[in-house]
Amino acid sequence: MSRKTIFILLLVLVSGFIFLFTFKFKKEPVKQVEGIKSKVSSKIDKNTTYGYEFSSLKPEVSENNTEEVVEEEKKEEQVTDLPPTFPQVSFFQVELVDRVIDFFLKNYDSQRDNFTFSLKKMNLYFGVDLEGFTAEGEDVQQKRLFIFKQLFSTSFSQEIFPLLKSFVLYRLNDKLDSYVKENNWPEAKRKLFLTSLQEKILAIARELNLMGSKTELVTGIKDYLEIQKSLYQIYAKYWQLEEKDKEEKARLGDLIKKTIFAREHLQKKILAQLKDVGLSAEDKLYLGLWTYRRMEKDGFTSVEILRLASMLEDLAKSLLKA
Amino acid sequence: MTKVLIPILGKEVAPRFDLALEVFIVEFDSKWKVVSSKNVILPESSGEEMCSLILKENVDIVLTNGIEDEYYNYLKWKKVKVIDNVMDNIENALAFLIREERRYE
C-alpha cells in the first residue's frame, strides 16, 4: 500500500467516526422534541398525571400540613376545653354556683316552659343562712352587708364578674347537658330552658334599671313600706283586743280596711310603672322592696344598682351561647 | 334535747309567722322537762329574719299559726319540723306539742 492509499483509508475512518458521533448526538434532542410535541398535542387525560408525579409528593406535603393543622386545632380545642378558672374572691365559694344552677333546674316546669320559683323563695334559699358565702361580720345582718359591699363594688364588676360569668356559663352548660340526658329532653327543650332563664334575668335587670333611674318609683316603694309597717302595728293591736272591746275593735277594723285600701291603691301605681318588666306582681313588689332596702338601709347608690343591672344583662345575653 | 320556737303576740301564738315581732324559745330535755327558755324581741317583722333566727338558734320544732308556703317549705328543707295552724295561748300550745311528741316515743 502506498502512502496515498493509507492516508485515504485513515481519512475515511476519521470521517466515519465523526459521522457516527454526529449522528448519535443529534438523534436524542430530536426524540425529546417529539416527546414534548406529543404531550402538548395529545388530549388531556384526567386520569393521567402529567409533569411531576405530584401524587407521591402532594399527599406527603398535604398530610404533613393536615397533621399540623389538626394538632394545632387540637391544641386550640384543648385550650377552649379547659374549664374557666373560678375567680378568687373572698365572699363566695365555688359550690354556690352549682347550688344556684341546681335551684334553677329544680324550679323549672318543663311542661309549661317557665320557672316556678318566686324571688322571695330564691332569697330564702340563698340569703337566709348564707350557705356558700364567706362573709365577715358577727351576725347575719353584718355578713349580708359585707356581701353586698363586695357585690356592688367596681372591682367586682370589672375584675371578678367576667371570670365568674365564664365559669357560670361553663358549669351551666355542663349541668344542663347531664340534666338533658337524665330527663331525655330534646335539644329544643334545652334552648327553651336557657331562653326562659335569660328572660327571667333580663326582667330582673329591667326592674333594677327602673329602680335606679326613676326616683318616683323609689318614693312609691318607700310609701308602700310605710303603709305596710303601720298596717302591721294596727293588726298587732287588733289581735290583742278582748271580745268586750267592741268599739275599739270596730275602730281598728275600719282603720285596717282603710290602710289596706291605701296600700292596694299605691301597689297599683307602682305596678303600672313596672308594667313592662316581665315579672309577676309579687316578684315586682318584692324586688322593688329589696332594691329600696339596699339603697335606703344599706346606703348603696342608684349607680351601684344600675351597675348590678348591667352585669345581669351581660350574663343574660351570654346565656344562649352556653 | 329539743328546741322549740313559737312566734308570739302577747301570750298567744302570733296569727302570722312573718308578722310576729317576738318569739318564745324553749329547750326540753329527753323527758320533755324544760331546761331553759327565753323571749327574743325582733327588730322588725320579717319572715326571712325569722327563718334566719330559727337556723341560728338550731331550733328543732316551730309551733306557729299562719305561715306562708315558702317559709314552710324552706324550713322543712332545712330539716326543721313545722307545726302550723296552732291557735291558742303558749301554754296550751306547748302542752299539745308534748302530748303529741310523747305519743310517738
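Structure's up top.
Attention in this report is confined to the structure presented alongside it. (Residues numbered from 1 in each chain as written. Chains lettered and ligands numbered in written order. Predicted model: local features only at pLDDT ≥ 70, side-chain atom pairs only at ≥ 80, totals over all residues.)

Bringing the overall build of chain B into the picture now. The secondary structure content of chain B amounts to three helices and six strands. The order of helices and strands in chain B, counted from the N terminus, is β-β-β-β-α-β-α-β-α. The dimensions of chain B, computed from C-alpha atoms along their principal axes, are 35 × 30 × 25 Å. By the burial criterion, 32% of the 105 residues in chain B qualify as buried. (Helix = DSSP H or I, 4+ residues; strand = E, 2+ residues; numbered from the N terminus. Buried ≥ 20, exposed ≤ 12 C-beta atoms within 10 Å, placed from the backbone.)

We now examine the nonpolar core. In terms of nonpolar packing, the biggest core is built from 29 residues, with Ile6, Cys51 and Leu63 of chain B touching the most fellow members. Listing elements by their share of this core, those giving two or more residues are helix H4 (119-127) of chain A together with strand S1 (2-9), strand S3 (22-28), helix H1 (47-56), strand S5 (61-63), helix H2 (69-77) and helix H3 (90-103) of chain B. Looking at which element gives the most residues to this core, the answer is S1 of chain B, with four residues. If sequence neighbours within four positions are ignored, Leu63 of chain B has contacts with Val4, Ile6, Val13, Ile83, Val86, Ala93 and Leu97 of chain B. Ranked by size, the runner-up nonpolar core spans 19 residues in total, among them Ala203, Tyr224, Val277 and Trp290 of chain A. (Core = buried A, V, L, I, M, F, W, Y, C linked by C-beta atoms within 7 Å. Contact = placed C-beta atoms within 7 Å.)

Turning our eyes to something else, we now look at the packing of helix H8 (residues 215-240) of chain A against helix H9 (residues 246-273) of chain A. Residue and element names in this part refer to chain A. The geometry of H8 relative to H9 is characterised by a closest axis approach of 9 Å and an angle of 160° between their N-to-C directions. Considering the angle they form, H8 stands roughly antiparallel to H9. As for how H8 packs across H9, the hand of that crossing is left-handed. When the residues that make up the contact of H8 with H9 are grouped by side-chain class, the tally is 15 nonpolar, seven polar and five charged. (Axes fitted to C-alpha atoms, helices over the stretch in contact; angles between N-to-C directions. Parallel < 35°, antiparallel > 145°, perpendicular 65-115°, else oblique. Left-handed = near helix turned anticlockwise from the far one by under 90°. Nonpolar A, V, L, I, M, F, W, Y, C, P; charged D, E, K, R; others polar.)

Note that an α-helix has 3.6 residues per turn; residues three or four places apart therefore point the same way. Residues and elements named next belong to chain A. Here helix H11 (residues 302-319) spans 26 Å end to end across 18 residues, near enough to the 26 Å set by a 1.5 Å rise per residue. Considered for burial, the residues of H11 that qualify are Glu304, Ile305, Arg307, Leu308, Ala309 and Leu319. In the core, the buried residues of H11 are packed alongside helix H6 (154-182), helix H7 (187-213) and helix H10 (281-296). (Expected span 1.5 Å × (residues − 1).)

For the rest of this paragraph, the subject is the interface of chain A and chain B. How big an interface is tends to be expressed through the accessible area that disappears when the partners come together. The partner chain B presents eleven residues to the 15 residues of chain A that form the contact. Of all elements in the fold, only H4 and H8 of chain A reach the threshold of two or more residues within the side of chain A that touches chain B. If you tally residues by element for the side of chain A that touches chain B, the top one is H4 of chain A, at six residues. Here the residues of the side of chain A that touches chain B sort into eight nonpolar, four polar and three charged.

Now for the environment of Leu145 of chain A. All names here are of chain A. You can see Leu145 is positioned in helix H5 (residues 140-151). The exposure class of Leu145 is partly exposed, given the 18 C-beta atoms found within 10 Å. Between the alpha carbons of Leu145 and Arg294 there is a distance of 9.1 Å; along the sequence they are 149 residues apart. Apart from the residues lying within four places of it in its own chain, the contact partners of Leu145 are Gly137 and Asp298.

Residue and element names in this part refer to chain A. Spanning 16 residues, H10 covers 22 Å between terminal C-alpha atoms, matching the ideal 22 Å at 1.5 Å per step. Listing the buried residues of H10 in full gives Asp283, Lys284, Leu285, Leu287, Gly288, Trp290, Thr291, Tyr292 and Arg294. Along its buried surface, H10 packs onto H4, H5, H7, H8, H9 and H11.

Moving on to the environment of Gly132 of chain A. Residue and element names in this part refer to chain A. Within the secondary structure layout, Gly132 lies in the loop between H4 and H5. Expressed as a C-alpha distance, the spacing of Gly132 and Gln93, which sit 39 residues apart in the sequence, is 5.4 Å. Residues in contact with Gly132, not counting those within four places in the same chain, are Phe92, Gln93, Glu95, Leu96 and Arg99.

Without other data, these values stay purely geometric and don't point to any function.
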